[in-house]
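Listed below are the residues making up each chain.
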Amino acid sequence: MEDRITELEIRLALQDDLLDELNRVVARQQQDLELLAQELRRVQGQLRAGDPVSQASLLNEIPPHY
């Protein structure tokens, strides 16, 4: 019986560690999503405003496969 309790305690500790790591991953992903959303809003604002500098730089940019 003692061995079973010890095994369950070990498994619980490992699950706690895994849950903490998953929480950190989700928090990092949320930060990344928020940064991407901000960048998307900035680019959309530039396109709506007709920002000639950003449009010209996009036209002069060489595609990565060249």
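See above for the structure.
Every chain begins its residue count from 1, and numbering advances along the sequence as written. Residue-level local features of this predicted model are given only where pLDDT is at least 70; pairs of side-chain atoms are given and counted only at 80 or more, and the full residue set underlies all totals for whole chains, interfaces and linings. Excluded from the side-chain calculation are hydrogens and water; included are all heavy atoms of the structure.

### What about the overall build of the protein?
Argument step 1. Scanning the protein from N- to C-terminus turns up two helices and zero strands.
Argument step 2. When the 66 residues of the protein are sorted by exposure, 2% land in the buried category.
Argument step 3. Counting only carbon and sulfur atoms, one obtains 60% of the accessible surface of the protein, whose full area is about 6,300 Å². Numbering of helices and strands runs from the N terminus, with a helix taken as a DSSP run of H or I at least four residues long and a strand as a DSSP run of E at least two residues long. Between buried and exposed lies partly exposed: a residue is buried under 20% and exposed over 50% of the maximum accessible area for its type, with that area taken using a 1.4 Å probe on protein chains only. Using a 1.4 Å probe, accessible areas were evaluated by the Shrake-Rupley method; residue-level cover was limited to the displayed protein chains.

### Description of helix H1 (residues 2–49)
For an α-helix the count is 3.6 residues per turn, leaving residues at separations of three or four pointing the same way.
Argument step 1. Each residue after the first adds 1.5 Å to the expected span of a helix. The first and last C-alpha atoms of H1 sit 70 Å apart over 48 residues, in line with the 70 Å expected at 1.5 Å per residue.
Argument step 2. Looking at the residues trailing H1, positive phi occurs at Gly-50, about 70°.

### Observations regarding the pattern of salt bridges
Argument step 1. Just to be clear on terms, a salt bridge is a Lys or Arg side-chain nitrogen sitting within 4 Å of an Asp or Glu carboxyl oxygen. Counted by the stated rule, this structure contains two salt bridges.
Argument step 2. As a salt-bridge pair, Glu-21 and Arg-24 come within 2.8 Å of each other at their nearest N and O atoms. Placement of both Glu-21 and Arg-24 in helix H1 is noted, with a separation of three residues, approximately one turn of the helix.
Argument step 3. With its nearest N and O atoms 2.3 Å apart, the salt bridge here joins Glu-39 to Arg-42.

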